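Per-entry structural report
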Amino acid sequence: MNTNHEFMEYWLSIDSIQNKIKKELENMLQAEYRLSLKEFYVLYYLSKAPDKKLRLQQLQEMIGLSQSALSRLVGNMEASSCGALEKHDCTEDRRGTYTRLTDLGEQKLQRSLVSFHEILRSNLSEVDFQGITKQLLQKL
């Protein structure tokens, strides 16, 4: 077994960069659009889905939340105070429900994507991410 753990320094560098960017994204999304990062991901995945709708189970797998946590998140986004999503019953399976992106949700997503892109561009241009990844691969 190799006891040389130099690879960990490079991995921790990547993890640190990702955590810093996620925190900045979360702060921006909350301040400017009143969205969490998970809510942003829900809007994004729905925008890419056929008819801009997905079953909650599909979203759960994509977002990585428990069923109850995703149900609460989607419920809040479907509420009249937010209006970014709307609930639809599944005609093929009465136990299933879909959530669909509304026009308001699409507008919120498009505006937040601009800010999201800017934060990624500014943060990743400051880091030699490719070099760190290359070093990590060499140490493995």
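Residues numbered from 1 in each chain as written. Predicted model: local features only at pLDDT ≥ 70, side-chain atom pairs only at ≥ 80, totals over all residues. Heavy atoms only, no water.

The next thing to look at is the pairing of strand 3 (residues 97–101). The side chains of a regular strand alternate between both faces of the sheet. By the criterion of burial, strand 3 is predominantly enclosed, with four of the five residues buried. Across three bridges, strand 1 (residues 53–55) lies against strand 3 in antiparallel orientation. Considered in strand 3, the bridge of Arg55 is made with Tyr98. Two elements, strand 2 (residues 85–89) and strand 3, share five bridges in a ladder whose sense is antiparallel. Bridging across to strand 3, His88 finds its partner in Tyr98. (Buried < 20%, exposed > 50% of the residue type's maximum accessible area, 1.4 Å probe, protein only. Helix = DSSP H or I, 4+ residues; strand = E, 2+ residues; numbered from the N terminus. Pairing = 2+ DSSP bridges.)

It is worth spelling out a nonpolar patch on the surface at this point. Together, Met8, Trp11 and Leu12 make up an exposed nonpolar region whose accessible area comes to about 280 Å². On the accessibility criterion, Met8 (31% relative accessible area) is partly exposed. (Patch = residues over 30% accessible without salt bridge, like charges linked within 9 Å, V, L, I, M, F, W, Y side chains within 5 Å. Areas by Shrake-Rupley, 256 points an atom, 1.4 Å probe, with all protein chains shown as cover. Salt bridge = Lys/Arg side-chain N within 4 Å of Asp/Glu carboxyl O.)

When you line up the elements, Ala84 lands in the loop between helix 4 (67–78) and strand 2. Separated by 48 residues in sequence, Ala84 and Ile132 have C-alpha atoms that sit 38 Å apart. Discounting chain neighbours no more than four positions away, the residues touching Ala84 are Leu43, Met77, Arg100, Leu101, Thr102 and Gly105. (Contact = heavy atoms within 4.5 Å.)

It is worth spelling out the environment of Pro50 at this point. Topologically, Pro50 is positioned in the loop between helix 2 (37–48) and strand 1. In the structure, Pro50 is positioned 50 residues away from Arg100 in sequence and 10.0 Å away in space, judged by C-alpha atoms.

In the Ramachandran plot, Arg34 falls in the positive-phi region, its phi being about 55° despite a non-glycine side chain. You can see Arg34 is positioned in the loop between helix 1 (7–33) and helix 2. Here the phi dihedral of Lys52 falls at roughly 55°; this positive angle occurs in a residue that is not glycine. For Lys52, the location among the structural elements is in the loop between helix 2 and strand 1.

Leu29, Val42, Leu43, Leu59, Met77 and Leu85 are the most contacted members of the largest nonpolar core, which has 30 residues in total. For this core, the element with the most residues is helix 1, which contributes seven residues. If we ignore the near neighbours within four places in the chain, the residues touching Leu29 are Arg34, Leu35, Ser36, Leu37, Phe40, Ser112 and Phe116. (Core = buried A, V, L, I, M, F, W, Y, C linked by side-chain atoms within 4.5 Å.)

Quick look at helix 2 now. In a regular helix each residue adds 1.5 Å, so 12 residues correspond to 16 Å; helix 2 covers 17 Å between its end C-alpha atoms and thus fits that length. Looking at helix 2, one finds that the buried residues are Leu37, Glu39, Phe40, Val42, Leu43, Leu46 and Ser47. (Expected span 1.5 Å × (residues − 1).)

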